[in-house]
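In case you want the letters, here they are:
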Amino acid sequence: MPRIWRPLLVGAVIVLAVFLLAQAQVFEPSASTGGPATGGDFYAGQLVFERECAACHGLQGEGGSGPRLEGTGLGAEVVSSQIRQGSGVMPAGLVSGQDEADVVAYVVSIAGS
Ligand code: HEC
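Assigned secondary structure in the protein consists of five helices and zero strands. Of the regular secondary structure in the protein, the N- to C-terminal order runs α-α-α-α-α. The buried share of the protein, taken over its 113 residues, is 23%. If you take every contact in the protein between residues at least 6 apart in sequence, the share linking residues at least 24 apart comes to 60%. When the accessible surface of the protein is totalled, it reaches about 7,500 Å², and 62% of it is carbon and sulfur.

All right, on to the site of the ligand then. Within the structure, the ligand sits among 18 residues, and Cys53, Cys56, His57, Ser87 and Met90 are positioned closest to it. For the ligand, a nitrogen atom lies 2.7 Å from a polar atom in the side chain of His57. Those elements giving two or more residues to the shell around the ligand turn out to be helix H3 (54-57) and helix H4 (76-85). Considered class by class, the residues forming the shell around the ligand number twelve nonpolar, five polar and one charged.

This next bit is on the side chain of Glu100. Looking at where Glu100 falls in the secondary structure, it is placed in helix H5 (residues 97-111). The exposure class of Glu100 is buried, given its relative accessible area of 4%. Beyond its immediate sequence surroundings of up to four residues, Glu100 is in contact with Ala37, Ser80, Ile83, Arg84 and Val95.

Before going further, it helps to spend a moment on the coordination of the iron atom of the ligand. Around the iron atom of the ligand, the donor atoms from the protein are His57 (NE2) and Met90 (SD), and they sit 2.0 to 2.1 Å away. Here the iron atom of the ligand is ringed by six donor atoms whose angles at the metal span 87 to 178°, and the overall shape comes out octahedral. Remark: Met90 occurs in the loop between H4 and H5 and His57 occurs in helix H3; sequence separation between them is 33 residues.

This next bit is on a nonpolar patch on the surface. On the surface, Ile4, Trp5 and Leu8 cluster together to form a nonpolar patch covering roughly 360 Å² of accessible area. On the secondary structure map, Ile4 appears in the segment before helix H1 (5-24). A relative accessible area of 63% places Ile4 in the exposed class.

Let us look at the pattern of salt bridges. Oppositely charged side chains can form a pair if their charged atoms are brought close together. Applying the stated rule across the entire model yields four salt bridges. Between Glu52 and Arg51 there is a salt bridge, and its shortest N-O distance comes to 3.3 Å. On the basis of relative accessibility, which here comes to 29%, the residue Glu52 falls in the partly exposed class.

What follows concerns the packing of H4 against H5. With their axes 9 Å apart at the nearest point, H4 and H5 run at an angle of 135° to one another. Regarding the angle of H4 to H5, the classification is oblique. Crossing of H4 over H5 shows right-handed handedness. On H5, the residues that touch Ala76, Val79, Ser80, Ile83 and Arg84 of H4 are Glu100, Val103, Val104, Val107 and Val108. Of the residues in the contact of H4 with H5, the class split is seven nonpolar, one polar and two charged.

About the cut-offs
- Residues numbered from 1 in each chain as written.
- Predicted model: local features only at pLDDT ≥ 70, side-chain atom pairs only at ≥ 80, totals over all residues.
- Heavy atoms only, no water.
- Helix = DSSP H or I, 4+ residues; strand = E, 2+ residues; numbered from the N terminus.
- Buried < 20%, exposed > 50% of the residue type's maximum accessible area, 1.4 Å probe, protein only.
- Contact = heavy atoms within 4.5 Å.
- Areas by Shrake-Rupley, 256 points an atom, 1.4 Å probe, with all protein chains shown as cover.
- Near = heavy atom within 4 Å.
- Polar contact = N/O pair within 3.5 Å; in protein donor to acceptor, adjacent residues only side chain to side chain.
- Nonpolar A, V, L, I, M, F, W, Y, C, P; charged D, E, K, R; others polar.
- Donors = N, O, S within 2.8 Å, 3.2 Å for Na, K, Ca; no water.
- Tetrahedral: all angles 85-135°; square planar, octahedral: opposite > 155°, others 65-115°.
- Patch = residues over 30% accessible without salt bridge, like charges linked within 9 Å, V, L, I, M, F, W, Y side chains within 5 Å.
- Salt bridge = Lys/Arg side-chain N within 4 Å of Asp/Glu carboxyl O.
- Axes fitted to C-alpha atoms, helices over the stretch in contact; angles between N-to-C directions.
- Parallel < 35°, antiparallel > 145°, perpendicular 65-115°, else oblique.
- Left-handed = near helix turned anticlockwise from the far one by under 90°.

So this is what it looks like as structure tokens:
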């Protein structure tokens, strides 16, 4: 093989390796790889809720400009996907990672499911 091709081949292999690693999401935090956020902390979630959600959903999730969450029986999947996708005037991605897991634990708990 002519020498000129070697650097190109090495470059191509590096690009491919980086691409495959990115595809495998080796370096992504596990919380963002699909499925509802679980394992959150209720008490931390309450603080996140008061900071990010209470303005619309009420301090205890009793409802306000946003719908009531307390006692609605909403499950983790619904709460997680609502947080990630948003809808209506509720913006998507208000919280993520540990904050998301915590607030999901809190909302599921006040929803009573
Ligand atoms: C700007 C106001 C606003 C904020 C802030 C907000 N929401 Fe909402 N939320 C809404 C509105 C309005 C809806 C109804 C959306 C619709 O009708 O499509 C909603 C819907 C929801 C639902 C679905 C309720 C159901 O019965 O299906 C959940 C769960 C929810 N919000 C949780 C949260 C959480 C958790 C936070 C904080 C991280 C939050 N919201 C922050 C306004 C808000």
